[in-house]
Amino acid sequence: MPLSYDDLIEPTIVKQVSKSVAYCRCTRTKNPPFCDGSHAETNIQPHIIEFDEPTTIAICRCWRSKDHPFCDGTHGRLVKPKERPPRPQAKPATYKDT
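So, here is what we can say about the structure in this document. Since the structure is predicted, the reported quantities are computational estimates derived from the model, not experimental observations.

Here's the deal with the overall build of the protein chain
A count of helices and strands for the protein chain gives 1 helix and 5 strands. Starting at the N terminus and walking to the C terminus, you meet the elements of the protein chain as β-β-β-β-α-β. Put simply, the protein chain has 98 residues, and 28% of those count as buried. Within the protein chain, contacts between residues at least 6 apart in sequence are counted, and of these 59% link residues at least 24 apart. When the accessible surface of the protein chain is totalled, it reaches about 7000 Å², and 50% of it is carbon and sulfur.

Description of the nonpolar core
In terms of nonpolar packing, the biggest core is built from 7 residues, these being Val14, Val21, Tyr23, Phe34, Ile49, Ile57 and Ile59. Elements that contribute at least two residues to this core include exactly strand S2 (20–23) and strand S4 (55–59).

Topic: the pairing of strand S1 (residues 12–16)
Within a regular beta strand, the side chains point alternately toward one face of the sheet and then the other, so they alternate between its two faces. The two faces of S1 differ: Thr12, Val14 and Gln16 on one face are buried, but Ile13 and Lys15 on the other face are not. Examined bridge by bridge, S1 and S4 share 5 bridges and lie antiparallel to one another. Its bridge partner being in S4, Thr12 is matched across the sheet by Ile59.

Re the environment of Glu41
Mapped onto the elements of the fold, Glu41 is located in the loop between S2 and strand S3 (47–50). Residue Glu41 is classed as exposed on the basis of its relative accessible area of 67%. For Glu41, the side chain forms a polar contact with the side chain of Arg28, separated by 2.9 Å.

Observations regarding the side chain of Gln16
Assignment of secondary structure puts Gln16 in strand S1. Within the structure, Gln16 has its side chain in polar contact with the backbone oxygen of Ile49 (distance 3.2 Å).

Brief notes about unusual backbone geometry
Cis peptide bonds are those with omega within 30 degrees of zero, and the linkage from Pro32 to Pro33 qualifies with 5°. With respect to the secondary-structure elements, Pro33 resides in the loop between S2 and S3. The phi dihedral of Thr27 is positive, around 70°, even though this residue is not glycine. As for its position among the elements, Thr27 is in the loop between S2 and S3. Residue Trp63 is not a glycine yet carries a positive backbone phi of 65°. Assignment of secondary structure puts Trp63 in the loop between S4 and helix H1 (74–77). With relative accessibility at 42%, the residue Trp63 sits in the partly exposed group.

Calculation criteria
Residues numbered from 1 in each chain as written. Predicted model: local features only at pLDDT ≥ 70, side-chain atom pairs only at ≥ 80, totals over all residues. Heavy atoms only, no water. Helix = DSSP H or I, 4+ residues; strand = E, 2+ residues; numbered from the N terminus. Buried < 20%, exposed > 50% of the residue type's maximum accessible area, 1.4 Å probe, protein only. Contact = heavy atoms within 4.5 Å. Areas by Shrake-Rupley, 256 points an atom, 1.4 Å probe, with all protein chains shown as cover. Core = buried A, V, L, I, M, F, W, Y, C linked by side-chain atoms within 4.5 Å. Pairing = 2+ DSSP bridges. Polar contact = N/O pair within 3.5 Å; in protein donor to acceptor, adjacent residues only side chain to side chain.

Structure below.
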């Protein structure tokens, strides 16, 4: 049975302003796409991304990207074009070190 568009999740656009951010890989976080330590009872570790300067990136949320945690557009190829609704404009999420 093919997936419907509602089964897919668009990527999260993130303006990463800190040098290092942990992105969730266990899917248990309450603050997606950022890691909140919910993986502690699993053997899954978060994906740490480091940049020298602020960068805007697309974080995969369909879990099928071949370049995870980065979105590679796979979510858009999982459904037929006629099933896709118009794309809403996403606002970037911002993560800052505390």
